[in-house]
Amino acid sequence: MCKIKKLLSMAVGATLALSMSITAFAAAPTNSEGRIADMTVSEVVTYLEENDGYVEEAFLNLCESIIDMKEEGFSESQILDTLASTPEPASMYETWGTLTASEKLLVVTYPKEALAIQSNATKATNSTISTYGYNGNGDVSDAYRHGYWNALNARDVGNTIAEKFATAHEDISDEEMNKFYDSVGYYGWQLRSMDLHNNEVGRGVVSWTDILTSDSTLSSRILEQIKKGNMVILVK
């Protein structure tokens, strides 16, 4: 009987230990949250600037204006209407005019995250020029830029929001894409397909353990994906 009780005690103990282990694992942070999830706007700006990021003042003013309107109770559609009816493209709205309709909705929905997305785009471009000596289109430098941008975004704002912004950036009608024939010898829809694939590869190199992973490590992972032939490159 004592032996049976001992075995039952051991079994219960093992079950509890396994349960605690599973609970602890389930509570671990995931890359769906992102590095800036719990930061204020000012903390996000500080974080970006301290990590070689560039926060465009006009875009910061735009995002802060959106946040103020949201705090005043404006709906997303009301904010979009307000921005669309701005009589003059003042400096704070210049970047706004270059965005696709889908990007504008996302900026209104996620203004804080948009700051990191915009800063990371500049960082990815600068890293591309530093790595390849130029910033091309449809070639390996283009593949690297998109992959690295998405890796940075997945780390900072989480994979889900990173995917939304990256896809929205390519949200141009098929009609327009079929009209557009780039000087590199490919139609717009071919370049878009390349970008969407490389965006996904970039996000894929980031996991829940990468909240604090350095820029240089993410860059190295993208270069490794290129080396392995996992990125689409149209212009050889």
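Residues numbered from 1 in each chain as written. Predicted model: local features only at pLDDT ≥ 70, side-chain atom pairs only at ≥ 80, totals over all residues. Heavy atoms only, no water.

(A) How the structure looks around the packing of aromatic side chains. As enumerated under the stated definition, the model contains two aromatic pairs in all. Pairing Tyr132 with Tyr144 gives two aromatic rings, centres 5.7 Å apart and planes at 65°, and the pair type is edge-to-face. Linking Tyr132 in helix H6 (residues 111-132) with Tyr144 in helix H7 (residues 140-157), this pair joins segments that are 12 residues apart in sequence. For Tyr132, a relative accessible area of 24% translates into the label partly exposed. For the pair Tyr144 and Tyr148, a centre-to-centre distance of 5.6 Å together with 25° between the ring planes defines the contact as stacked. Of this pair, Tyr144 and Tyr148 are both found in helix H7, four residues apart, which corresponds to roughly one turn of the helix. Looking at Tyr148, the relative accessible area reads 4%, which means it is buried. (Phe/Tyr/Trp six-rings, centres within 6.5 Å; stacked < 30°, edge-to-face > 60°. Helix = DSSP H or I, 4+ residues; strand = E, 2+ residues; numbered from the N terminus. Buried < 20%, exposed > 50% of the residue type's maximum accessible area, 1.4 Å probe, protein only.)

(B) Fine view of the environment of Gly147. On the secondary structure map, Gly147 appears in helix H7. Taking C-alpha positions, Gly147 is 9.4 Å from Leu218, a pair spaced 71 residues apart along the chain. Discounting residues that sit within four places of it in the chain, Gly147 has contacts with Asn198, Gly202, Ile222 and Met231. (Contact = heavy atoms within 4.5 Å.)

(C) Region of the structure containing a negative patch on the surface. Together, Glu64, Asp68, Glu71 and Glu72 make up a region of like negative charge exposed at the surface. Its location among the elements puts Glu64 in helix H3 (residues 57-71). (Patch = residues over 30% accessible without salt bridge, like charges linked within 9 Å, V, L, I, M, F, W, Y side chains within 5 Å. Areas by Shrake-Rupley, 256 points an atom, 1.4 Å probe, with all protein chains shown as cover. Salt bridge = Lys/Arg side-chain N within 4 Å of Asp/Glu carboxyl O. Lys, Arg positive; Asp, Glu negative; His and termini not counted. Charge placed at Lys NZ, Arg CZ, Asp CG, Glu CD.)

(D) The arrangement of the layout of surface pockets in detail. For the largest pocket, the calculated volume is near 810 Å³. Forming the boundary of the largest pocket are 32 residues, of which Thr98, Glu103, Ala121, Trp149 and His169 lie nearest the centre. Elements represented by at least two residues in the lining of the largest pocket include exactly helix H5 (101-109), H6, H7, helix H8 (159-169), helix H9 (174-179) and helix H10 (188-204). Partitioned by chemical class, the residues of the lining of the largest pocket number 12 nonpolar, 11 polar and nine charged. (1 Å grid on protein atoms, 1.4 Å probe; cavity = no way out; pocket = protein on both sides within 12 Å on 5 of 7 lines; lining within 4 Å. Points joined across faces, edges and corners; volume = space filled by probe spheres on them. Nonpolar A, V, L, I, M, F, W, Y, C, P; charged D, E, K, R; others polar.)

(E) View of the packing of H3 against H5. Close contact between H3 and H5 brings their axes to 9 Å; oriented N to C, the two are set at 60°. When H3 is examined against H5, the residues Phe59, Cys63, Ile66 and Lys70 are found in contact with a partner set consisting of Val107, Val108 and Thr109. (Axes fitted to C-alpha atoms, helices over the stretch in contact; angles between N-to-C directions.)

(F) Here's a closer look at the nonpolar core. By size, the foremost hydrophobic cluster in this structure holds 48 residues, and its most contacted members are Ile66, Leu83, Trp96, Val107, Leu115 and Ile222. Top contributing element to this core by residue count: H7, with eight residues. Contact partners of Leu115, with chain neighbours within four places excluded, come to Val41, Val44, Val45, Leu48, Val55, Phe59, Leu60 and Cys63. (Core = buried A, V, L, I, M, F, W, Y, C linked by side-chain atoms within 4.5 Å.)

(G) Structural view of helix H11 (residues 215-227). The end-to-end C-alpha distance of H11, which contains 13 residues, comes to 18 Å, matching closely the 18 Å that a straight helix rising 1.5 Å per residue would cover. Looking only at H11, the buried set comprises Asp215, Leu218, Ser219, Ile222, Gln225 and Ile226. Down the axis of H11, the buried side of the element spans an arc of 115°, and every buried residue falls inside it. Facing away from the buried surface of H11 by more than 90 degrees, the exposed residues are Ser216 and Lys227. Tucked inside the fold, the buried residues of H11 contact H6, H7 and H10. (Expected span 1.5 Å × (residues − 1). Arc of directions from axis to C-beta.)

(H) A look at the packing of H7 against H8. Relative orientation of the contacting elements H7 and H8 amounts to 140°, with a least axis distance of 7 Å. If you check the angle between H7 and H8, you find them oblique. Classified by chirality, the crossing of H8 by H7 is right-handed. When H7 is examined against H8, the residues Trp149, Asn150, Asn153, Ala154 and Val157 are found in contact with a partner set consisting of Asn159, Ile161, Ala162, Ala166 and His169. Here the contact of H7 with H8 is built from residues that sort into six nonpolar, four polar and no charged. (Parallel < 35°, antiparallel > 145°, perpendicular 65-115°, else oblique. Left-handed = near helix turned anticlockwise from the far one by under 90°.)

(I) Here's a closer look at a nonpolar patch on the surface. Together, Tyr181, Tyr187 and Trp189 give the surface a local cluster of nonpolar side chains, amounting to about 340 Å² of exposed area. Tracing the backbone through its elements, the reader meets Tyr181 in the loop between H9 and H10.

(J) Inspection of H10 at higher detail. Spanning 17 residues, H10 covers 24 Å between terminal C-alpha atoms, matching the ideal 24 Å at 1.5 Å per step. Among the residues of H10, Gly188, Leu191, Arg192, Met194, Asp195, Asn198, Asn199, Val201, Gly202 and Arg203 are the ones counted as buried. The secondary structure elements touched by the buried residues of H10 are H7, H8, H9 and H11.

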